[in-house]
Amino acid sequence: FFFFFFTREASPSFISRRFAEEGLEVGLAISLHEADDVARSAIMPVNRRYDLDELIGACHYYVERSGRRLTFEWALIAGRNDDAATARRLGKLLRGLKCHVNLIPLNPTQVCNLGQSRATSGNLG
């Protein structure tokens, strides 16, 4: 068996059409990184075009149609998305969805002014 995950800033129509309806046998990982539209739009411009309601709706459709579990990518960013309140918002957003969240320590770069979180998967907040 091989496991292949396709990661992208997914458009809801792409998730619905390409992955759910065509029955592609791959895992799907979606870059999420924030649990509300205002915060997500600030770091992911794609959210201005496809808001979280539309994205999560397509994710529910994908899971119902395919029976597969989704993976959400979540880069831990210091002071932005690494606190307990954000974790609760994330839990509420994903409630009832067959998925898991991959917590990724942010690797700071000279291009990006976001800081590396001190939180770990067992210590959000």
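Note: the structure precedes this text.
Note that the coordinates shown come from a computational prediction; the quantities given were computed from them, not determined experimentally.

1. Brief notes about the pairing of strand 4 (residues 99–105)
Item 1. The pairing of strand 3 (residues 70–76) with strand 4 spans 7 bridges and is classified as parallel. Bridge pairing in strand 4 links Phe72 to Val101.
Item 2. For the crossover that starts at strand 3, traverses helix 5 (residues 84–94) and ends in the parallel strand 4, the hand is right-handed.

2. Let's talk about the environment of Leu32
Item 1. Looking at the element boundaries, Leu32 is found in the loop between strand 2 (27–31) and helix 2 (37–43).
Item 2. Classification of Leu32 as buried rests on a relative accessible area of 0%.
Item 3. Separated by 41 residues in sequence, Leu32 and Glu73 have C-alpha atoms that sit 5.7 Å apart.
Item 4. With near-sequence residues (within four places) excluded, Leu32 lies in contact with Arg40, Met44, Leu52, Leu55, Phe72, Glu73, Trp74, Leu90, Leu93 and Leu94.

What counts and what doesn't
Residues numbered from 1 in each chain as written. Predicted model: local features only at pLDDT ≥ 70, side-chain atom pairs only at ≥ 80, totals over all residues. Heavy atoms only, no water. Pairing = 2+ DSSP bridges. Helix = DSSP H or I, 4+ residues; strand = E, 2+ residues; numbered from the N terminus. Right-handed = clockwise from strand over helix to strand, strands pointing away. Buried < 20%, exposed > 50% of the residue type's maximum accessible area, 1.4 Å probe, protein only. Contact = heavy atoms within 4.5 Å.

So, to be careful, I would describe these as geometric facts and stop short of saying anything about function.
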